[in-house]
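# Observations on the model geometry
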Amino acid sequence: MAQGNIDDLKKVTLLAGLSDQDLQKIAQSCAWHSHKAGEAILAQNSDSRDMYFVVSGAVQVVSYSLTGREIAYAIVPEGSYFGELAAIDQKPRSTNVVAQKECVLASLTPNAFEDFVRAHPDVAWSVMQKLTGIIRSNDERIMDLSTLDAHQRIYTELLRICKPDPVTKGRWMIYPLPTQHEIASLVSTTRETVARALSSLTARELVQRKGRTLYILDKEKLTELSHQLAGKA
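Residues numbered from 1 in each chain as written. Predicted model: local features only at pLDDT ≥ 70, side-chain atom pairs only at ≥ 80, totals over all residues. Heavy atoms only, no water.

### Quick word on unusual backbone geometry
The residue after tyrosine 175, namely proline 176, is reached through a cis peptide bond having omega -10°. Note that proline 176 resides in the loop between β10 (172–174) and α7 (180–187). You will see that asparagine 45, though not glycine, has its phi angle at about 70°, which is positive. By the secondary structure assignment, asparagine 45 is in the loop between β2 (40–42) and β3 (51–56). Residue asparagine 45 is classed as exposed on the basis of its relative accessible area, which comes to 57%. Positive phi values are uncommon outside glycine, yet serine 188 reaches one of about 60°. Secondary-structure assignment places serine 188 in the loop between α7 and α8 (191–203). (Helix = DSSP H or I, 4+ residues; strand = E, 2+ residues; numbered from the N terminus. Buried < 20%, exposed > 50% of the residue type's maximum accessible area, 1.4 Å probe, protein only.)

If you want it as structure tokens, here you go:
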């Protein structure tokens, strides 16, 4: 089991602004864990109720269809947190959580989490904002699955995660580019479909890949493709 201190907790954005004294109390209340990449952390429908701070590394929130296809909901990076739903409503876990890369986590029991949130209204407000974001994101995901074909969902995901290229004005980029498997699980399709979509975009000279970077050469055209009627892309 890993060990941590207040310097580790200072990396967590939810705890920003807390005094060293408050951080020390939290650190003493936490259980500390280390996980290797790919290791299971939480299982769907399990009775675990703790919430977790990601002190280092990253974890992925996933579920599985009846056919075994992985469906990714989110990647929780260093400095964020997860598990608050079960800690709040005391119901079984709604998803699985696995270590995306080697990570160190700090967990609070539901009672400790409740005491912490009640003692810090700013923290409670931040948790509410995150939950609101989850609801909005899920609404968008449901709409995408209902109205877009697989290629459109891939294009939409690329647009969602791209950032302005700091070197070339007007160009956009994705770094590090998720694996085809990761993109597939995020948009509920297959790795082969992702491969075909990326090959098509490359052939149209809308994107260019160099190493782990995907450059979007024509964001306007990619946006247009993402909005075309299913079957017309």
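### Looking at the sheet that holds strand β8 (residues 103–108)
With antiparallel pairing, 4 strands are arranged side by side in an open sheet as β1-β8-β3-β6. Strands with a single pairing partner mark the edges of an open sheet, and in this sheet they are β1 (31–35) and β6 (81–82). Relative to β8, β1 is paired through 5 bridges, and the arrangement is antiparallel. Counterpart to tryptophan 32 in the pairing with β8 is alanine 106. Packing of helix α2 (residues 20–29) onto the sheet brings it into contact with β1, β3 and β8, and relative to β8 it is tilted by some 95°. (Pairing = 2+ DSSP bridges. Contact = heavy atoms within 4.5 Å. Axes fitted to C-alpha atoms, helices over the stretch in contact; angles between N-to-C directions.)

### Let's talk about the state of the cysteines
If you walk through the whole model with that rule in mind, you get 0 disulfides. Here cysteine 30 stays free of any disulfide, with the sulfur of cysteine 103 as its closest cysteine sulfur at 14 Å. (Disulfide = S-S within 2.5 Å.)

### What about the pairing of β3?
In terms of burial, β3 is a largely internal element, 6 of the 6 residues being buried. The sheet contact formed by β3 and β6 spans 2 bridges and is antiparallel. Each bridged residue has a counterpart across the sheet, and for tyrosine 52 the counterpart in β6 is phenylalanine 82.

### Re the sheet that holds strand β11 (residues 207–210)
Pairing in this open sheet of 4 strands is antiparallel, and the strands run β9-β10-β12-β11 from one edge to the other. One side of each edge strand has no neighbouring strand; the edge strands of this open sheet are β9 (163–164) and β11. Looking at chain direction, β10 and strand β12 (residues 213–216) are connected through 3 bridges and run antiparallel. Residue pairing for β12: methionine 173 is matched across the bridge by tyrosine 215.

Spatial relationships are all this shows, so hold off on functional conclusions.
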